[in-house]
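Each chain, letter by letter, is given below.
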Amino acid sequence: MNVEEKTHLKKAEDLAYDCVRCGYCLPACPTYLTMKTETQSPRGRIHLVRMAAEGRITLDELSGPIDLCLGCRACEQVCPSNVQYGKLLELAKTAIQHHKKQSASPFRRFCEDVVFKQMFARKNVMNKLGGLLWIYQKSGAKKIAHMEPFRRLFPENLALFDKGLDEAKPPFKRNDGRRYPPAGERPVLKVAFFTGCVMEAVFHRINRLSIRLLQQVGCEVVVADKQTCCGALQAHAGEEETAKMVAKRNIEAFESEDFDYIVNNAGGCGAMLKEYGRLFADDPDWSERAARFSEKTADISVILDMLGWKPEKTLPYRVTYQPSCHMTNVQKVVKEPEKLIRSIKGIEWIPLNDPNVCCGSAGIYNLVHFQESMDILGAKMADIKGTKADVVVTTNPGCLLQMKAGIIKEGLNGRMKAVHLVELLAEACGIDSSHRGQTQG
Ligand code: SF4
Ligand code: SF4
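Looking up the protein chain in an unreviewed UniProt entry gives the name Glycolate oxidase iron-sulfur subunit, with the organism given as Parageobacillus thermantarcticus. The Function (unreviewed entry) comment attached to the protein chain in UniProt states, word for word, "Component of a complex that catalyzes the oxidation of glycolate to glyoxylate."

Chemist: How would you explain the overall build of the protein chain if you had to name every residue and give the values?
Modeler: The secondary structure content of the protein chain amounts to 24 helices and 9 strands. Computed over the C-alpha atoms, the radius of gyration of the protein chain is 21 Å, within 12% of the 22 Å expected from 2.2 N^0.38 for a compact globule of 441 residues. Principal-axis analysis of the C-alpha atoms places the extent of the protein chain at approximately 60 × 50 × 45 Å. Expressed as a percentage of the 441 residues in the protein chain, the buried residues total 56%. The centroid of the 61 positive side-chain charges in the protein chain is displaced by 4 Å from the centroid of its 53 negative side-chain charges.

Chemist: Could you give an account of the domain arrangement of the protein chain, with specific residues and numbers?
Modeler: Per the domain assignment, the segments making up the protein chain are domain 1 (3-103) and domain 2 (310-428). Taken together, the 13 residues of domain 1 in the interface contact 15 residues of domain 2. Of the roughly 1100 Å² buried at the junction of domain 1 and domain 2 (both faces included), carbon and sulfur atoms supply 66%. At the boundary of domain 1 and domain 2, one finds 0 salt bridges. Inspection of the domain 1/domain 2 interface yields 6 residue pairs in polar contact (both at pLDDT 80 or more). Mapped by element, the contributors of at least two residues to the side of domain 1 that touches domain 2 are α2 (30-35) and α5 (74-78). Taken together, the residues of the side of domain 1 that touches domain 2 break down into 7 nonpolar, 4 polar and 2 charged.

Chemist: If you had to explain the pairing of strand β4 (residues 261-264) to someone new, which residues and values would you point to?
Modeler: As paired strands, strand β2 (residues 189-193) and β4 are joined by 3 bridges and run parallel to one another. Paired with Phe193 across the two strands is Val263, which belongs to β4. Strand direction decides the pairing type here: β4 and strand β5 (residues 297-299), joined by 3 bridges, are parallel. Residue Asn264 lies in a different strand from β5, and its bridge partner there is Asp299.

Chemist: Describe the confidence of the model for the protein chain, listing the residues and the values that go with them.
Modeler: Overall, the predicted model of the protein chain reaches an average pLDDT of 91, with 93% of residues at or above 70. Contacts from residues 435-441, a stretch scored under 50 in pLDDT, to residues over four places away or in other chains number 31 contacts.

Chemist: Outline the site of ligand 1, supporting the account with residue identities and numerical values.
Modeler: Of all residues adjacent to ligand 1, which total 13 residues, the nearest are Cys19, Cys22, Gly23, Cys25 and Cys79. Judged by the proximity of its atoms to the pocket grid, ligand 1 belongs to the largest cavity. Here the residues of the shell around ligand 1 sort into 9 nonpolar, 2 polar and 2 charged.

Chemist: I'd love a proper account of the environment of Cys359, names of residues and values included.
Modeler: In this fold, Cys359 is placed in the loop between β7 (348-349) and α21 (365-368). Considering only alpha carbons, one finds Cys359 and Ser324, 35 residues apart in sequence, at a separation of 8.5 Å. Residues within four places of Cys359 in sequence aside, it is in contact with Gln322, Ser373, Ile376, Leu377, Lys380, Cys399, Gln402 and Met403.

Chemist: Can you break down the site of ligand 2 residue by residue, with the values?
Modeler: Near ligand 2 you find Cys29, Pro30, Thr31, Pro42, Arg45, Cys69, Leu70, Gly71, Cys72, Arg73, Cys75 and Tyr85, and these make up its full shell. Here ligand 2 is seated within the second largest cavity. Secondary-structure elements contributing two or more residues to the shell around ligand 2 are α2 and α3 (42-53). Counted by class, the shell around ligand 2 contains 8 nonpolar, 2 polar and 2 charged residues.

Chemist: I'd like a description of the pattern of salt bridges, backed by residues and values.
Modeler: Under the defined criterion, the tally for this structure stands at 22 salt bridges. Between Glu240 and Lys244 there is a salt bridge, with the nearest N and O atoms lying 4.0 Å from each other. Remark: Lys244 and Glu240 occur in helix α14 (residues 240-254); sequence separation between them is 4 residues, near one turn of the helix. Glu240 gets classed as partly exposed once you look at its relative accessible area, which sits at 24%. One salt-bridge network, in which partners are shared between bridges, spans Arg73, Glu76, Glu90, Glu275 and Arg278.

Chemist: Break down the side chain of Thr328 for me, with residues and values.
Modeler: Within the element layout of this structure, Thr328 appears in helix α19 (residues 325-329). Ignoring sequence-local partners within four residues, the contact set of Thr328 consists of Pro323, Val333, Val334 and Asn356.

Chemist: Now, about unusual backbone geometry: what can you tell me, with residues and values included?
Modeler: Note that the residue after Glu148, namely Pro149, is joined by a cis bond; omega there is 0°. Phi is positive for Lys332, close to 65°, though the residue is something other than glycine. Mapped onto the secondary structure, Lys332 falls in the loop between α19 and α20 (335-342). The exposure class assigned to Lys332 is exposed, which follows from its relative accessible area of 51%.

Chemist: Break down the layout of surface pockets for me, with residues and values.
Modeler: Taken as a whole, the second largest pocket encloses approximately 400 Å³ of empty space. Mapped by element, the contributors of at least two residues to the lining of the second largest pocket are α1 (3-16), α6 (85-103), α14 and α16 (276-279). The dominant element in the lining of the second largest pocket, judged by the number of residues it contributes, is α6, at 4 residues. For the lining of the second largest pocket, the class distribution of residues is 5 nonpolar, 2 polar and 8 charged.

Definitions and cut-offs
- Residues numbered from 1 in each chain as written.
- Chains lettered and ligands numbered in written order.
- Predicted model: local features only at pLDDT ≥ 70, side-chain atom pairs only at ≥ 80, totals over all residues.
- Heavy atoms only, no water.
- UniProt positions renumbered as here; feature names shortened; annotations may be inferred.
- Helix = DSSP H or I, 4+ residues; strand = E, 2+ residues; numbered from the N terminus.
- Rg over C-alpha atoms; globule rule 2.2 N^0.38 Å.
- Buried < 20%, exposed > 50% of the residue type's maximum accessible area, 1.4 Å probe, protein only.
- Lys, Arg positive; Asp, Glu negative; His and termini not counted.
- Charge placed at Lys NZ, Arg CZ, Asp CG, Glu CD.
- Domains from an automatic or database assignment.
- Contact = heavy atoms within 4.5 Å.
- Buried area = accessible area lost by both parts, 1.4 Å probe.
- Salt bridge = Lys/Arg side-chain N within 4 Å of Asp/Glu carboxyl O.
- Polar contact = N/O pair within 3.5 Å; in protein donor to acceptor, adjacent residues only side chain to side chain.
- Nonpolar A, V, L, I, M, F, W, Y, C, P; charged D, E, K, R; others polar.
- Pairing = 2+ DSSP bridges.
- pLDDT = per-residue confidence, 0-100.
- Near = heavy atom within 4 Å.
- 1 Å grid on protein atoms, 1.4 Å probe; cavity = no way out; pocket = protein on both sides within 12 Å on 5 of 7 lines; lining within 4 Å.
- Sits in = over half its atoms within 2 Å of the grid points.
- Points joined across faces, edges and corners; volume = space filled by probe spheres on them.

Okay, structure coming up:
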């Protein structure tokens, strides 16, 4: 183990000492519930981190159970000892990632660099990829790809998520640097809108609807130029330095003007933005700026609720809500989405039995650990089916795609649809009725 790996593991070990091994977290952990082994539980993983720090197991042995953790942080919420599991997980992942890089082939290192530093960390690259996806969808290539015999060439996971994808962002559309006036004469708030990378490239229509909702409640909305990906994907993969690099770019981009709030509509991204303060806590040059940025970050549901958003239409839907884990467990935004949904006339609200159990999406977990993710999704869909809802509302792009995948897998297409909260609210005030999260399949 090199110094870098030891340092990160030591910090993780210090946090692990807070665990008293009571096991209260086990029933809250989706991987423990589906895999039923101690090593796939929070308590087991914490113990393994201690063993690795003490040299009783190798980082390669630690890597499996840590990789299979969703990072949903449901365990943190029920822990009586306040174990900082999220922080511990990130430290362990950073140590493992350092270790893997030492032994990785130059090709693998190059690929990781492309994905983390050149793709997700660069907005213009993500926009170009969104443009290519749009061409694929509009040219008819998507239809052909899902026909025999071509569909057999598609890996199962990509084929499933491709069916649920929204219309991607056209290559000629640009939004950065634009300003949107409030509906009234004077803005009640001046907010910056955080577009996100996947959200903007793949769900750009939801971003446009978000801006219109904010305008409607009296906000002047600015899509700050030079903003980029939030860095969550990199942080959760143990790429701490790259996560910091993109975080710094965002902090600088949103300091260009004095905004009341920095608003986002993706639970996972919002959680990462909220954590910038913690990410730079030990950096005297950035800690204050990062903390200020995080304080101003807010989910769109919080702003809409605060400014008294009112629906205009009656929507006769039976609705259930699958919250984003990071929105609940990190941002602590719980009441606002439910309050907004329930304020719509005609809606029948049916809560899930276990809304706080992760759906199995977790960033790119559902791509890299497809089978495990589908097992977790299976349990979630059983809960959703029990509600007999016709609309499932979510608050994060990954969760939205996962819910759409669940609907396709369960053969519920046509009877049940998954939508982002913003789509439902927009429809409820007549901004958009074309949405309804169409899936193909
Ligand atoms: S609930 Fe907390 S203290 Fe108890 S086993 Fe889980 S992590 Fe450890
Ligand atoms: S973060 Fe989620 S998946 Fe990971 S140990 Fe905690 S509850 Fe389990």
